[in-house]
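These are the residues of each chain, in order.
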Amino acid sequence: MRAEYLSHVGAVRENNEDEIFCDAQAGLFIVADGIGGKEAGEIASATAVRIVAEKSWSAPDAPPAEMLREAFYEANDFLFSRGKKPGMTGMGTTLTAALCQEDSITIVHVGDSRAYLLNRQGIRQLTADHSLVAEMQREGKLTAAEAKHHPHRNILLRAIGQEALVEVDMLEASWQRGDYLLLCTDGLYNLVDEEEMREVTLRTAELSTAVTFLAEAAYNRGGYDNISLIIAAHD
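Along each chain, numbering runs from 1 in the same order as the chain's sequence is written. The predicted origin of the model limits local features to residues at a pLDDT of at least 70 and limits the giving and counting of side-chain atom pairs to 80 or more, whereas totals for whole chains, interfaces and linings rest on all residues. Each side-chain value is derived from all of the structure's non-hydrogen atoms; neither hydrogens nor water enter the calculation.

(A) Fine view of the sheet that holds strand 7 (residues 114-119). Spatial strand order, 1-11-10-7-8: five strands in an open sheet with antiparallel pairing. The strands lining the two open edges of the sheet, one partner per strand, are strand 1 (2-8) and strand 8 (122-125). Adjacent strand axes in the sheet meet at a mean angle of 15 degrees, parallel and antiparallel pairs treated alike. For strand 1 and strand 11 (residues 227-233), the ladder comprises seven bridges, and the chain directions are antiparallel. Paired with Ala-3 across the strands is Ala-232, a residue of strand 11. Pairing between two strands requires that DSSP report at least two bridges joining them. Only DSSP runs of H or I covering at least 4 residues are called helices, and only runs of E covering at least 2 are called strands; the numbering of each starts at the N terminus. Only the stretch in contact is used when fitting a helix axis, every axis being a line fitted to C-alpha atoms; angles between N-to-C directions are given from 0 to 180 degrees.

Now the structure itself:
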């Protein structure tokens, strides 16, 4: 397994509230997009990612879905408590973690960061966005094009640290040699469409070049948000 990652502040924001973790040897990949304002957002995303990574190190033999779910709960408890302190009100983060094994990927997810599986046959979004516009799409009240430019597209329905209890999505996907896993924050997918992600990943010899190209594409199209992504290849 090979993997490369990149996180960029973008063209507009002063701070990078995204956090990523990439361990190809362990097959663990995490992306998080903090909310709550400058310091609070940065602390939320960094803390959540650290808690999940440390949980994986301390329980390497635990069932992946169970381990990741418990780590998400721990992160939520910690951030919800921390958010009661002065200056931290409203802190929270999206959180998407994938643990890859030889023929399967276990994903636990909250928020609107995304995981995609892509190969020569196409690209498939594995996670469901926990956002207002995504819910309106699922209800048939918005088209995908309308959702992309909706004034409330940044409103999340679920995030780590926002409530005392959080509902997490857990899923498994199969993968095989020649497949790629792409995790990213909305700073990428709002400005780079899915087919372009797939084409760049498949047509670029080096993963480091692919992540750089995609991040630069988002930056050059406005870079309105922080831009973060991880691409893992099943060799």
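(B) Molecular detail of the pattern of salt bridges. Here a salt bridge means any side-chain nitrogen of Lys or Arg lying within 4 Å of a carboxyl oxygen belonging to Asp or Glu. A complete count under the given rule lists twelve salt bridges for this structure. Two residues, Arg-2 and Asp-235, come together in a salt bridge whose shortest N-O distance is 2.6 Å. Here Asp-235 lies in the segment after strand 11 and Arg-2 lies in strand 1, a separation of 233 residues in the sequence. Residues Lys-55 and Glu-74 are paired through a salt bridge, measuring 2.9 Å at the closest nitrogen-oxygen approach. Here Lys-55, found in helix 1 (residues 38-58), pairs with Glu-74, found in helix 2 (residues 64-82); they are 19 residues apart in sequence, far enough to count as distant. Each member of the salt-bridge network shares a partner with another, and the members are Arg-158, Glu-167 and Asp-169.

(C) Main features of the side chain of Asp-18. Relative to the helices and strands, Asp-18 is located in strand 2 (residues 18-23). Among the polar contacts made by the side chain of Asp-18, one reaches the side chain of Ser-228 at a distance of 2.8 Å. Any two residues having at least one pair of non-hydrogen atoms within 4.5 Å are treated as being in contact. Look past the residues within four positions of Asp-18 in its chain and what remains in contact with it is Ser-7, Ala-32, Asp-33, Ser-45, Thr-185, Asn-226, Ile-227 and Ser-228. For the purposes of these results, a polar contact is taken to be a pair of N or O atoms within 3.5 Å, where, inside protein, one atom must be able to donate a hydrogen and its partner to accept one; residues adjacent in sequence count only when each atom of the pair is a side-chain atom.

This is a description of form; function is not addressed.
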